Amino acid sequence: MGLWAYPAGVELREGSVTIHTDVTGSAARMGHRLVIAVEDWSASVTMARRKPTAVVFRAALTSLTVVSGTGGLTPLTAIDKQVIKRNAAKTLDSAAHPEVVFKSSALSVTGDQVTVVGELTIHAVAAPLTATVTIVDGRATASIPVRQSDFGVKAYSLMLGQLKVADEVVVELAVEVPLQ
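This report concerns the structure included in the present document. (Residues numbered from 1 in each chain as written. Predicted model: local features only at pLDDT ≥ 70, side-chain atom pairs only at ≥ 80, totals over all residues. Heavy atoms only, no water.)

Moving on, we come to helix H1 (residues 78-92). With 15 residues, H1 should cover 21 Å at 1.5 Å per step; its first-to-last C-alpha distance of 21 Å lies within 8% of that length. Here H1 has its buried residues at Ile84, Ala88, Thr91 and Leu92. End-on view of H1: buried residues confined to an arc of 80°, all on one side of the axis. Away from its buried face, by an angle of more than 90 degrees, H1 presents the exposed residues Ala78, Ile79, Arg86 and Lys90. The inward-facing, buried residues of H1 abut strand S4 (32-38) and strand S7 (64-71). (Helix = DSSP H or I, 4+ residues; strand = E, 2+ residues; numbered from the N terminus. Expected span 1.5 Å × (residues − 1). Buried < 20%, exposed > 50% of the residue type's maximum accessible area, 1.4 Å probe, protein only. Arc of directions from axis to C-beta. Contact = heavy atoms within 4.5 Å.)

Here you go:
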């Protein structure tokens, strides 16, 4: 059952996609480790002989929403979340590059895991990416580290770089795979 039951393909739009950040620098204890939701995303899985052969994932950067923040000297406020969202839009230049796209070039299935190899495009820069997706009970999950610098994105910083977002962020996927 699950994903393998689809003969031609399936569009996935239910579940969650979140970005987890960390902070670095000599003043790192002042910063918040963030969880940012991607509200507008989709994944298209092409099937052949009941096996996945291609994946295209798209995410709208204009749909980022700050969910939570841990650490920092003070709790994260609603105003802080708005400021963070504006700073993320500026850092990612989402007005000029509003979408992140991943296109697979190879997939291999071993039990409940799918290794996906392809190209991720952020900020109009493409770089290779390999991810392992686990599919169990109608849910596809993955934890994918992404280095911003690989895509020409300079991590947000303040206080002359004493506090900055870590170069590597982690994209967490928990996507519902409709059962047939």
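Another point: the sheet that holds strand S1 (residues 9-12). Strands belonging to one sheet form pairs held by backbone hydrogen bonds; the direction of such a pair is parallel or antiparallel. Strand order in the open sheet made by the 11 strands is S1-S5-S6-S8-S9-S10-S11-S14-S2-S4-S7, with antiparallel pairing throughout. Of all strands in the sheet, those bounded by a partner on one side alone are S1 and S7. For this sheet, the mean inter-axis angle between neighbouring strands, taken without regard to orientation, is 20°. Relative to S7, S4 runs antiparallel, the two being bridged by 7 bridges. Paired with Leu34 across the two strands is Gly69, which belongs to S7. Across the sheet, H1 touches S4 and S7, and the angle it forms with S7 is around 115°. (Pairing = 2+ DSSP bridges. Axes fitted to C-alpha atoms, helices over the stretch in contact; angles between N-to-C directions.)

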